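Coordinate inspection notes
This is what each chain is made of:
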Amino acid sequence: MVGMRVLIVGGGGREHALAMGLSNSPSVESLHSAPGNAGTALLGTNHEVGSSDIEGLVSLAREKGVDLVVVGPEAPLVLGLADILRENGIPCFGPHSEGAKLEGSKLHAKNVMFDLGIPTGRFRVIEDPNEISSTVDSFSPPWVVKRNVLAGGKGVTVTSDRKVAEDAISHAIGVDGMVLLEEHLEGEEASVLVVMDETSFVCLPPSQDHKRAFDGDEGPNTGGMGAYAPAPVVTPSVMRRVVDEVVGPMHHHLRNQENPYRGCLYVGLMVDDDGAPSVIEFNVRFGDPETQVTIPLIDSDLGELLLAAAEGSLGSIEPLFSRMSAATVVLASNGYPESPITGGVISGSETSIEEGEICGIVHYAGTDLREGELVSSGGRVLAATGIAPSLREASSTAYEIIGGIHLEGSHYRSDIGHRALER
Ligand code: AMP
Ligand code: GLY
């Protein structure tokens, strides 16, 4: 298809990265974003429709006559956005609400994995406060406590402090009626984003996120403070195991659903010292910030790839990937993740770098324009991304850009990519 009109749902760094990839696609003519951010505004039209306003999004897609809707966040998918778009004959990149349950319910995801024999940690469900202590006894520390709801990356507590674990469990039982206690997996984390429909699947270059707020993987869990790709922990032989033991069985399962899965399956992995992968979680969308380092490594037309998956014809596409590396460093507001302070003026973010094969860009996230000034409007404000022949160059390019950006009280990690660079 040529001359495609695309609507992107969401307003984070992930959506700006998708918008950049789509605006570089020969197949795409125009872009709309809902609600978008300061970055997507430079590439198309932003619309004041929230990413969970299902009716508003469907009306917008119809009104603009879009050929494809690409959904960034999970919430609209869990709420059934893809179901309604498909009923209206509008191709949607993002699964039906049945498929989205893989992220909406950790218990559902665990049950699917156990049914299919996919490697993952053992777990117990706790509903009765009287069973907290004995269940905690049946796992060794550190304890992993997971709420069974969408919690924006903040529903997981990993702790070696028994009191903290027990408090997290009883809090979750109080608000949700149940909670999962899960075996702690050892190893190195990696993310594999898989574009999938009923005809085929394509694994994008593996990446690694940095979930903790501060250097050295200290501090609270966040949505992600930086990422790089490809992640060398996922060697070709680890990737083969991921495909054989996880992606293949999931594809077989999802393609045979009444409403086959069409979108991105995010496979969050722990890879142990022997290269054995176990699944930490599935998400039903692209990762943020993994997308910022993965999309730039796709050399073929992104619009064509996403449309093919949305229409169920992915089997006819063979995407090409670049041999470059990418690294992204997130600039977070003062107080993120607990209580981010927004509304600060951002300066120095207009920079980009282009030196031979090396390229450096800014992916905007929680940003707004206020009387012509760029201001912060969310916890994760923007990310500086470097793309270069080596990870070292990609990371130094990202740091060169972020070093020139100013936002009062903001913070970023200075060790993105350290595991790969220390190898
Ligand atoms: P999730 O929201 O499931 O991605 O969990 C957030 C983070 O908690 C993960 O990225 C891991 O760092 C950590 N985590 C979750 N589950 C486990 C587990 N079973 N073993 C070790 N770490 C885990
Ligand atoms: N970066 C983690 C996520 O997107 O869930």
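Cut-offs applied
Residues numbered from 1 in each chain as written. Chains lettered and ligands numbered in written order. Predicted model: local features only at pLDDT ≥ 70, side-chain atom pairs only at ≥ 80, totals over all residues. Heavy atoms only, no water. Phe/Tyr/Trp six-rings, centres within 6.5 Å; stacked < 30°, edge-to-face > 60°. Helix = DSSP H or I, 4+ residues; strand = E, 2+ residues; numbered from the N terminus. Buried < 20%, exposed > 50% of the residue type's maximum accessible area, 1.4 Å probe, protein only. Axes fitted to C-alpha atoms, helices over the stretch in contact; angles between N-to-C directions. Parallel < 35°, antiparallel > 145°, perpendicular 65-115°, else oblique. Contact = heavy atoms within 4.5 Å. Nonpolar A, V, L, I, M, F, W, Y, C, P; charged D, E, K, R; others polar. Polar contact = N/O pair within 3.5 Å; in protein donor to acceptor, adjacent residues only side chain to side chain. Core = buried A, V, L, I, M, F, W, Y, C linked by side-chain atoms within 4.5 Å. Near = heavy atom within 4 Å. Areas by Shrake-Rupley, 256 points an atom, 1.4 Å probe, with all protein chains shown as cover. Pairing = 2+ DSSP bridges.

**Brief notes about the packing of aromatic side chains**
Counting across every chain of the model gives 3 aromatic pairs. Ring centres 5.5 Å apart and planes at 15° place the aromatic pair Phe 93 and Phe 286 in the stacked group. You can see Phe 93 sitting in strand S5 (residues 92-93) and its partner Phe 286 sitting in the loop between strand S17 (277-283) and helix H10 (290-294), a full 193 residues away along the chain. The same class applies to Phe 93 and to Phe 286, which are both buried. With a centroid separation of 6.2 Å and an interplanar angle of 40°, the aromatic rings of Tyr 399 and Tyr 412 are classed as tilted. Taken together, the positions of Tyr 399 in helix H12 (residues 391-403) and Tyr 412 in the loop between H12 and helix H13 (418-421) put the pair 13 residues apart, joining distant regions of the chain.

**Points about the packing of helix H5 (residues 97-104) against helix H6 (residues 106-116)**
Look at H5 against H6: their axes get within 6 Å of each other, and the N-to-C directions meet at 100°. Comparing their axes, H6 and H5 come out roughly perpendicular. Here Lys 101, Leu 102 and Gly 104 of H5 come into contact with H6, specifically with Lys 106, His 108, Ala 109 and Val 112. Among the residues making up the contact of H5 with H6, the classes are represented as 3 nonpolar, 2 polar and 2 charged.

**Some details on H6**
Among the residues of H6, those classed as buried are Lys 106, Leu 107, Ala 109, Lys 110, Val 112 and Met 113. Tucked into the core, H6 has its buried residues touching H5, strand S6 (123-126), strand S7 (143-146), strand S9 (179-182), helix H9 (236-255) and S17. Gly 117 occupies a position one or two residues after H6 and carries a positive phi of about 70°.

**Some points on the side chain of Ser 105**
Assignment of secondary structure puts Ser 105 in the loop between H5 and H6. In this structure Ser 105 comes out as buried when scored by relative accessible area, which is 15%. One polar contact links the side chain of Ser 105 to the main-chain amide nitrogen of His 108, over a distance of 3.0 Å. Here the side chain of Ser 105 touches Asn 148 through a polar contact of 3.2 Å, side chain to side chain.

**Points about the nonpolar core**
The tendency in soluble globular proteins is for nonpolar side chains to be buried side by side. Counting 54 residues, the largest nonpolar core has Val 69, Leu 102, Leu 265, Val 267 and Phe 282 as its most contacted members. With 7 residues, H9 is the largest single contributor of residues to this core. Once residues lying within four places of it in the same chain are set aside, the contact partners of Leu 265 are Leu 102, Val 192, Leu 193, Val 194, Met 196, Met 250, Leu 254, Phe 282 and Asn 283. Listed in part, the 29 residues of the second largest apolar core include Leu 22, Leu 68, Cys 264 and Ile 317.

**Comments concerning the site of ligand 1**
The full set close to ligand 1 counts 15 residues, and Glu 182, Leu 185, Glu 189, Lys 211 and Glu 281 are the nearest of them. Between ligand 1 and Lys 146 there is a distance of 3.1 Å, counted from a nitrogen atom to a side-chain nitrogen or oxygen. Note that an oxygen atom of ligand 1 is positioned 2.6 Å from one of the side-chain N or O atoms of Glu 281. For ligand 1, whose free accessible area comes to 470 Å², the fraction covered by protein is 93%. Among the secondary structure elements, those contributing two or more residues to the shell around ligand 1 are S7, strand S8 (156-159) and S17. Looking at side-chain class alone, the shell around ligand 1 contains 6 nonpolar, 2 polar and 7 charged residues.

**Topic: the sheet that holds S6**
Across the sheet, 4 strands lie side by side as S6-S9-S7-S8; this open sheet has antiparallel pairing. The open sheet has two edge strands with one neighbour each: S6 and S8. Mean inter-strand twist for the sheet, computed between neighbouring axes without regard to direction, equals 20°. In this sheet, S9 lies alongside S6 in antiparallel orientation, the contact comprising 4 bridges. Looking across to S9, one finds that Phe 123 is bridged to Glu 182. Sheet strands touched by H6: S6, S7 and S9. Its angle to S6, the strand with the most contacts, is close to 145°. Along the sheet face, helix H8 (residues 162-176) touches S6, S7, S8 and S9 and points at about 15° away from the line of S7.

**With respect to the site of ligand 2**
Around ligand 2, a shell composed of Asp 209, Lys 211, Gly 223, Tyr 266, Asn 283, Arg 285, Gly 287, Asp 288, Pro 289 and Glu 290 is seen. Between Asn 283 and ligand 2, the recorded distance is 3.2 Å, taken from a side-chain N or O atom to an oxygen atom. Backbone polar atom of Asp 288 to a nitrogen atom of ligand 2: 2.9 Å apart, as the coordinates give it. Coverage of ligand 2 by the protein chains reaches 90% of its 200 Å² of free accessible surface. For the shell around ligand 2, the residue count by class is 2 nonpolar, 3 polar and 5 charged.

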